[in-house]
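Descriptive structure summary
Below, each chain spelled out in residue letters.
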Amino acid sequence: MLNGGAGDDVIFFDVADNDMINGGLGTDTVKITDTGMIDFTNTAISNVEMIDIADNQAQTLNLSVTDVLEMTDNHNALFIDGDSKDSVQLTGFEKVADPHSMNNMYKDGYVMYADTASGVHTFVYVSDDIVM
Ligand SMILES: [Ca+2]
Ligand SMILES: [Ca+2]
Ligand SMILES: [Ca+2]
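The sections below set out a description of the structure shown in this document.

Reading the values: the criteria
Residues numbered from 1 in each chain as written. Chains lettered and ligands numbered in written order. Predicted model: local features only at pLDDT ≥ 70, side-chain atom pairs only at ≥ 80, totals over all residues. Core = buried A, V, L, I, M, F, W, Y, C linked by C-beta atoms within 7 Å. Buried ≥ 20, exposed ≤ 12 C-beta atoms within 10 Å, placed from the backbone. Helix = DSSP H or I, 4+ residues; strand = E, 2+ residues; numbered from the N terminus. Contact = placed C-beta atoms within 7 Å. Pairing = 2+ DSSP bridges. Axes fitted to C-alpha atoms, helices over the stretch in contact; angles between N-to-C directions.

A positive phi is found at Asn 18, a non-glycine position, where the angle reads about 50°. We note that Asn 76 has phi near 50°; this positive angle belongs to a residue other than glycine.

Below, the structure written as structure tokens:
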């Protein structure tokens, strides 16, 4: 169990170890250095605000609406920082055409995706360095 606590934390996630991670309060980043397909179906990550795969290595993140709801806090918003070797496969999300028009956590440099069906508003913000 890796417990972030109150501050802004950077937590390294090792796919093989699959530790439970609780970011706690603050803006918490999970850094992943494993390469290849990263699937979050059986991970136990919570209260995290950002996944960072910007390491010039190729990762593919596979995320469903359920995965994002489980790993975030009650804002249900996940940022993903990466590089041009990475890709993100989102299931149940669609691109938001005009993120500035919405009252949300949008920041320039990201592409915003919103869930299509859950009824809970769930958002993923993917760095535009990542080619989708
Ligand atoms: Ca924290
Ligand atoms: Ca947090
Ligand atoms: Ca990468």
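The next subject is the nonpolar core. One finds Ile 80 and Val 124 to be the most contacted residues of the largest nonpolar core, which totals 26 residues. For this core, the elements supplying multiple residues, two or more each, are strand E7 (50-52), strand E8 (59-64), helix H1 (65-71), strand E9 (77-81), strand E10 (87-91), strand E12 (110-115) and strand E13 (123-127). The leading source of residues in this core is E13, at four residues. Not counting residues within four places of it along the chain, the set of residues in contact with Ile 80 comprises Ile 51, Leu 61, Val 88, Val 124, Tyr 125, Val 126, Ser 127 and Ile 130.

Moving on: the sheet that holds E8. Here we have three strands laid out as an open sheet, ordered E5-E8-E10, and parallel in their pairing. Two strands bound the open sheet, and with one partner strand each, they are strand E5 (36-39) and E10. For this sheet the average axis-to-axis angle between neighbouring strands, irrespective of direction, equals 20°. Where E8 lies against E10, five bridges are found, and the strand directions are parallel. Bridge assignment links Ser 64 to a residue of E10, and that residue is Thr 91.

Before going further, it helps to examine the environment of Thr 29. Along the chain, Thr 29 falls in strand E4 (residues 29-32). Given 19 C-beta atoms within a 10 Å radius, Thr 29 is considered partly exposed. Between the C-alpha atoms of Thr 29 and Asp 52, which are 23 residues apart in sequence, the distance is 6.6 Å. Not counting residues up to four positions away in its chain, the partners in contact with Thr 29 are Val 10, Met 50 and Asp 52.

In spatial order, the strands read E2-E4-E7-E9-E13-E12-E11; together these seven strands make up an open sheet with mixed pairing. Either end of the sheet is taken by a strand with one partner, and the two such strands are strand E2 (10-13) and strand E11 (93-95). Across this sheet, the average inter-strand angle for adjacent strands is 25°, counted without regard to direction. Note that E12 and E13 share five bridges and pair antiparallel.

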